[in-house]
Amino acid sequence: MDQETYDAYVAILEEELVCAMGCTEPIAVAYCAALARQTLGALPERVSVAASANIIKNVKSVVVPNTGGARGIEAAAAAGVVAGNADAKLEVLAGVTGEEIATMRDFLATHEVSVSPSERPWIFDIQVRVSGDGHEALCEIAGSHTNVIHVERDGKVLLSEPFEESAGERDAGTDRGCLSIEKIVEFAGAVEMDDVKQLLGRQIACNMAIAREGLEGEWGANIGSVLLSAYGDGVANRAKAWAAAGSDARMGGCELPVVINSGSGNQGITASVPVIVYARELDVSHEELLRALVVSNLVTIHLKTGIGRLSAYCGATSAGAGAAAGITYLYGGRADEIAHTVVNAIAIDSGMVCDGAKASCAAKIASAVEAGLLGMQMQIQGKQFYGGDGIVVKGVENTIRNVGVLAAQGMRETDRTIIELMCGSGAC
């Protein structure tokens, strides 16, 4: 592998595998609000949030951490302006104290915090306007969770960055066009451990800790615990259960941080936890686990690149395929075997829709991991789906491109319909 591609792969991992506390969409709202308050220079009297429909979809049903169990955009914005640390970005609410939680509740009860749909045509857009003592500030984030494109105070523009929405992740830093299954596997075999061990070590520690909390505590629908109780302690079921348990806790407002993937904590959990469970079962070396996590994370990023951050296509599907790719690597599979596993997994589970972040995400994660594991077992036994089987075409990269077209273009109307159904029920 040439040095330029090697450096790009390391940079992509560093850009995507970052720590976040709480579901990333409400945290992005809190971050934007904290930036707006910081720009204003004082606690505001009024807060107004304009958000794209997909942001509203992904914020309404999850508990915002360090708010005492509050849900929704209003709670996320209030937490950001009252107690958020803008410098911490996706850990903006990590340092909130009990006293500040009480202050946030009082703020919501006594101040105007309004929410309206964004007039921007973008899938990912958050604008927070705050005002008080005759001053006003505005902050806008678009495209991804920490991509600040506009800041102003009293009409004076302090920051203005050009933004053009694309179907993929071309706004996300290093060009993802260099990713391919073959090169990902090559990189995983060649990468110097010093370039990834700290990053992946943090992913192992954080994501397994929240998975353990999900199994030991009462979070969401306790999907992880249900899986273990109903289906036993076999490694395949443990892989599903531990991943689901991490989502149980995260969607329930657990304050433990998660190392995310492609902007999502659920995707970060799904891409990593099953691989770690299998590595421990197989008793492989720590280095082999890290190389398998390189595969699982980069395959997930590769699959998500054409889809975009937010869509009607459930992101756990991509992460489940990524996890299966990493597990295949643990079993000695390389580019050909991983390609077959990924295609099989895609063919099995590509119809799963995203109807917002919520407790049932844990069950969807279990389904996505199951699809990935089935895809792996198919290739182990010499079975596969072929070009012409639905959206599957000849060549793994061509099939991955088809998924991107399906999710980013074909499912736009599905996304609108999902949002209409959710809002029609009074949820928005």
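Thresholds, definitions, all that
Residues numbered from 1 in each chain as written. Predicted model: local features only at pLDDT ≥ 70, side-chain atom pairs only at ≥ 80, totals over all residues. Heavy atoms only, no water. Phe/Tyr/Trp six-rings, centres within 6.5 Å; stacked < 30°, edge-to-face > 60°. Helix = DSSP H or I, 4+ residues; strand = E, 2+ residues; numbered from the N terminus. Buried < 20%, exposed > 50% of the residue type's maximum accessible area, 1.4 Å probe, protein only. Lys NZ or Arg CZ within 6 Å of the ring centre and 35° of its normal. Core = buried A, V, L, I, M, F, W, Y, C linked by side-chain atoms within 4.5 Å. Contact = heavy atoms within 4.5 Å. Expected span 1.5 Å × (residues − 1). Polar contact = N/O pair within 3.5 Å; in protein donor to acceptor, adjacent residues only side chain to side chain. Pairing = 2+ DSSP bridges.

1. Notes on the packing of aromatic side chains
(1) Moving on: Scanning the entire structure with this criterion turns up 4 aromatic pairs.
(2) Moving on: Considering the side-chain rings of W122 and F163, the 4.8 Å spacing of their centres and the 75° angle between planes classify their relative orientation as edge-to-face. With W122 in the loop between strand 3 (112-117) and strand 4 (125-132) and F163 in the loop between strand 7 (156-160) and helix 6 (181-190), this residue pair connects regions lying 41 residues apart in the sequence. Each member of the pair, W122 together with F163, is buried.
(3) Moving on: Counting every residue linked through ring pairs, the aromatic cluster contains Y6, Y9 and F187.
(4) Moving on: Positioned above the aromatic ring of Y329 is the side chain of R334, whose terminal nitrogen or guanidinium carbon lies 3.7 Å from the ring centre.

2. Thoughts on the nonpolar core
Inside soluble globular proteins, nonpolar side chains tend to come together where they are buried.
(1) Moving on: Ranked by internal contacts, the top residues of the largest apolar core, which has 84 residues, are F187, L298 and V342.
(2) Moving on: In terms of residue count, the dominant contributor to this core is helix 11 (residues 286-305) (10 residues).
(3) Moving on: Not counting chain neighbours up to four residues away, the residues in contact with V342 comprise I181, V299, L303, A321, A325 and V396.
(4) Moving on: Counting 48 residues, the second largest nonpolar core, distinct from the first, contains L40, V82, I101 and A137.

3. Some details on helix 1 (residues 3-16)
(1) Moving on: Over its 14 residues, helix 1 extends 20 Å from the first C-alpha to the last, a length consistent with the 20 Å expected when each residue adds 1.5 Å.
(2) Moving on: Along helix 1, the residues that are buried comprise T5, Y6, A8, Y9, V10, A11, I12, L13 and E16.
(3) Moving on: With a side-chain oxygen lying 3.2 Å from the backbone nitrogen of E4, the N-terminal cap of helix 1 falls on D2.

4. A closer look at the pairing of strand 4
(1) Moving on: Of all 8 residues making up strand 4, 7 are buried, and the element is well covered by its neighbours.
(2) Moving on: The sheet contact formed by strand 2 (residues 46-51) and strand 4 spans 6 bridges and is antiparallel. In the sheet register, A51 faces strand 4, and the bridge partner there is I126.
(3) Moving on: Of the pairings in the sheet, the one linking strand 4 to strand 5 (residues 135-142) comprises 8 bridges and is antiparallel in character. Bridge assignment links S131 to a residue of strand 5, and that residue is E136.

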